[in-house]
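# Fold and geometry: a report
One-letter residues, chain by chain:
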Amino acid sequence: MEQEPKSIVFKGNNEGLVIVVPEDYDFEKAKAEIEEKVQNAARFFRGAKIKVVYRGITLSPEEEEIIKKILDEKSGAVIESLSKDDETKHRPAAKTPRKPSAEPGTMFFWGKDTGMCRFVKNTVRSGMRIEFDGSVIVLGDVNPGGEIIATGNVVVLGALRGMVHAGSEGNRDCFIYALKLRPIQIRIADLIARMPETGEDDKSNPEIARIKDGIIEVEQL
Amino acid sequence: MGEVIVITSGKGGVGKTTTTANLGTGIAMQGKKVVLIDTDIGLRNLDVVMGLENRIVYDLVDVIEGQCRLKQALIKDKRYDGLYLLPAPQTRDKNSVAPHQMVTLCNELRQEFDYILIDCPAGIEQGFKNAIAGADRAVVVTTPEVSAVRDADRIIGLLEANEIRNPHLIVNRVRPDMVKRGDMMSIEDIIDILAIGLIGVIPDDENIIISTNRGEPVVSDSKSLAGQAYRNITRRIMGEEVPLMNFNTSDGFLAKMKKLFGIKPA
């Protein structure tokens, strides 16, 4: 059993946000504390689309509406829904086996929505490493020795000659796209592929790498 | 006010010291005042290449630690007026100097000289940080080898991170015959990866080794192809527009005509 927190706690899970309210809180106290917490974390939530559930106390529909409004206004996120968490439903779900991953304990999220996007406005040179929770778009080349690790997709509007890891937290739906795909190695989720060592050609057609039937496939686009 | 130019490469043995010696001599031949600083503390070479080894009394660290005055440590070249060398100590290490001390030193030399050329050690550690600290511009030397180009790329990234933008590239030790056969990276391949401005190409020339061993920079040898290449780079550094040399001396008449009309040879 989880330890009962002494104040309101925000938690993230794969569906969205969980707000854990101590059981002895009344509505007014909970409302004030949620408001304060959301305000402090506003930068974190901005632009996100989240489902919110709460635990610990029971709110009337009117009270739910008030909390939802606070979250909507203060966080800058789009609150898709707000509801009481059904713990009995939640608990066994945690025990369902996860799909195999490169490292045990890594977080998973599924689907095409890969969160925020970061633009890199220069060439990624040898020795540079760009890590981002979301997708990365490079307006330049990725040179040998340069590394990009993104939990989402990676798009290189130039030549990709370095190492790129898309879907680094296990999202197998992620892809890598480059105007010239000549990487040392590419990784998508838990799979690794390297380019054939022979057959260097000078064709520079845009190509995309993604997982098909459990292997990384590269095709022209 | 003088200009501080650092000559760097990342990888060792690609020709930083030779380039520093030749560009310095070349600039002095044009009648400018120039000082060369060897920052490769513990592995000094520039004095040997310049043929000034036997004149060293004080060095860079002596100046920085205040053991002597700057003027006392500067060694005047034996051939050209206006050319000076500030040698590195051989018995100390790179940590004897801090970047801010290099900035102070460079600013002091700026008052006196038109150009200050800094010979950077190989690597990206303390010695490199010292060498680039006071620099306004950078010249990156590489050879047509994958490893040298890889290191040059890393160096360019580090220079950019230290606010030294748009470094110039020198490709050293090019063998046109090998490039033609497809056995060596071409200049275009290198530029494609590094994406910085090319300031010159030095052909592989055995005169370099001869002159380096003699302590007489090849730039003063009017017959050598490499010497000509260095003279051209010198003029480009000083702001002149000089067309790139064509090393394909074996090209026939037809090939030259094709090139003239922009047709790629088959």
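Scoring rules and cut-offs
Residues numbered from 1 in each chain as written. Chains lettered and ligands numbered in written order. Predicted model: local features only at pLDDT ≥ 70, side-chain atom pairs only at ≥ 80, totals over all residues. Helix = DSSP H or I, 4+ residues; strand = E, 2+ residues; numbered from the N terminus. Buried ≥ 20, exposed ≤ 12 C-beta atoms within 10 Å, placed from the backbone. Contact = placed C-beta atoms within 7 Å. pLDDT = per-residue confidence, 0-100. Nonpolar A, V, L, I, M, F, W, Y, C, P; charged D, E, K, R; others polar. Pairing = 2+ DSSP bridges. Axes fitted to C-alpha atoms, helices over the stretch in contact; angles between N-to-C directions. Parallel < 35°, antiparallel > 145°, perpendicular 65-115°, else oblique. Left-handed = near helix turned anticlockwise from the far one by under 90°. Core = buried A, V, L, I, M, F, W, Y, C linked by C-beta atoms within 7 Å. Arc of directions from axis to C-beta. Expected span 1.5 Å × (residues − 1).

Here we come to the overall build of chain A. Scanning chain A from terminus to terminus reveals 4 helices and 15 strands. Within chain A, the fraction of its 221 residues that count as buried is 29%. Of the contacts made within chain A by residues no fewer than 6 positions apart, 38% connect residues no fewer than 24 positions apart.

What follows is about the overall build of chain B. When its secondary structure is counted, chain B shows 12 helices and 8 strands. Residue pairs at least 24 apart in sequence account for 75% of intrachain contacts in chain B once pairs closer than 6 positions are excluded.

On to the confidence of the model for chain A. The predicted model of chain A has a mean per-residue pLDDT of 78, with 76% of residues at 70 or higher. Contacts of residues 88-110 of chain A to residues separated by more than four positions or lying in other chains number 17 contacts, the stretch itself having pLDDT below 50.

Chain A puts 8 residues into the contact, and the matching count from chain B is 7 residues. Across the side of chain A that touches chain B, the residue classes tally to 2 nonpolar, 5 polar and 1 charged.

Moving on: the sheet that holds strand 7 (residues 135-138) of chain A. Residues and elements named next belong to chain A. A sheet is described by the order of its strands in space; here 6 strands give the open sequence 5-7-9-11-14-15, paired in mixed fashion. Strands with a single pairing partner mark the edges of an open sheet, and in this sheet they are strand 5 (117-120) and strand 15 (215-220). Strand-to-strand twist in this sheet, taken as the mean axis angle between neighbours without regard to direction, amounts to 25°. Sheet analysis places strand 9 (residues 154-160) next to strand 11 (residues 175-181), joined by 5 bridges and oriented parallel. Of the residues in strand 11, the one forming a bridge with valine 156 is alanine 178.

As a further point, take the packing of helix 1 (residues 16-29) of chain B against helix 11 (residues 225-237) of chain B. Residue and element names in this part refer to chain B. Where helix 1 contacts helix 11, the axes come no closer than 9 Å and their chain directions differ by 65°. Between helix 1 and helix 11, the angle is such that the two are roughly perpendicular. Here helix 1 runs over helix 11; the crossing is right-handed. Of helix 11, the residues touching helix 1 (which contributes Asn22, Leu23, Gly26 and Ile27) are Tyr230, Arg231, Ile233, Thr234 and Ile237. Among the residues making up the contact of helix 1 with helix 11, the classes are represented as 5 nonpolar, 3 polar and 1 charged.

Our focus in this paragraph is the confidence of the model for chain B. This prediction gives chain B a mean pLDDT of 92; 93% of its residues lie at or above 70. At the level of chain-chain contacts, confidence expressed as ipTM amounts to 0.77, with global pTM at 0.70.

As a further point, take the packing of helix 1 (residues 27-40) of chain A against helix 3 (residues 61-75) of chain A. Residues and elements named next belong to chain A. Closest axis-to-axis distance for the helix 1/helix 3 pair is 9 Å, and the angle between their directions is 15°. Taken as axis vectors, helix 1 and helix 3 run roughly parallel relative to one another. The crossing of helix 1 and helix 3 is right-handed. In this structure, helix 1 uses Phe27, Lys31, Ile34, Glu35, Val38 and Gln39 to contact helix 3, whose residues at the interface are Glu63, Ile66, Ile67, Ile70, Leu71, Lys74 and Ser75.

If you look at the biggest cluster of nonpolar residues, it comprises 73 residues, and the most contacted ones within it are Val6(B), Val35(B), Ile116(B), Leu117(B), Ile118(B) and Ile132(B). Sequence-distant contacts of Ile118(B), defined by excluding residues within four places in its chain, comprise Val4(B), Val6(B), Ile7(B), Ile37(B), Thr39(B), Ala131(B) and Ala135(B). The next biggest cluster of nonpolar side chains, apart from the first, holds 27 residues, and it includes Met128(A), Val136(A), Val142(A) and Ala159(A).

All names here are of chain B. Of note in the backbone geometry, asparagine 166 takes a positive phi value of approximately 50° without being a glycine. Of note, asparagine 166 is situated in the loop between helix 7 (146-161) and strand 7 (168-174). For alanine 195, which is not a glycine, the phi torsion comes out positive at approximately 50°. Note that alanine 195 resides in the loop between helix 9 (187-194) and strand 8 (197-203). According to the C-beta neighbour criterion, alanine 195 is partly exposed, with 18 such atoms within 10 Å.

Residues and elements named next belong to chain B. One open sheet accounts for 8 strands, arranged 3-4-2-5-1-6-7-8; its pairing is mixed. Both edges of this open sheet fall to strand 3 (75-76) and strand 8, since each of them pairs with a single strand only. Bridge count for strand 1 (residues 3-8) against strand 5 (residues 115-119) is 5 bridges, and the pairing is parallel. Opposite isoleucine 5, over in strand 5, you have leucine 117 as the bridge partner.

What follows concerns helix 9 of chain B. Along an α-helix, residues three or four apart share an orientation, since each turn contains 3.6 residues. All names here are of chain B. Among the residues making up helix 9, those that are buried are Ile190, Ile193 and Leu194. Taken around the axis of helix 9, the buried residues stretch over an arc of 85°, which confines them to a single face. Residues of helix 9 that are buried sit in contact with strand 6 (137-142), helix 7 and strand 7. Remark: alanine 195 follows helix 9 within two positions and exhibits a positive phi of approximately 50°.

Another point: the environment of Asp72(A). Its place among the elements puts Asp72(A) in helix 3. For the pair Asp72(A) and Val38(A), spaced 34 residues apart in sequence, the C-alpha to C-alpha distance is 9.7 Å.

Moving on: helix 7 of chain B. Residues and elements named next belong to chain B. With 16 residues, helix 7 ought to run about 22 Å at 1.5 Å a step, and its terminal C-alpha atoms sit 23 Å apart, in line with that. Extensive coverage of helix 7 is indicated by the burial of 12 of its 16 residues. Residues Ala148, Val149, Arg150, Asp151, Ala152, Asp153, Arg154, Ile155, Ile156, Gly157, Leu158 and Leu159 constitute the buried set of helix 7. Contacts from the buried residues of helix 7 go to strand 1, helix 6 (126-133), strand 6 and helix 9. One or two positions beyond helix 7, positive phi appears at glutamate 163, with a value near 65°.

On to the environment of Gly214(A). Residues and elements named next belong to chain A. In this fold, glycine 214 is placed in the loop between strand 14 (207-212) and strand 15. Taking the number of C-beta atoms within 10 Å as the measure of exposure, glycine 214 has 7 and is therefore exposed. Sequence separation of glycine 214 and arginine 172 is 42 residues, and the distance between their C-alpha atoms is 9.0 Å.

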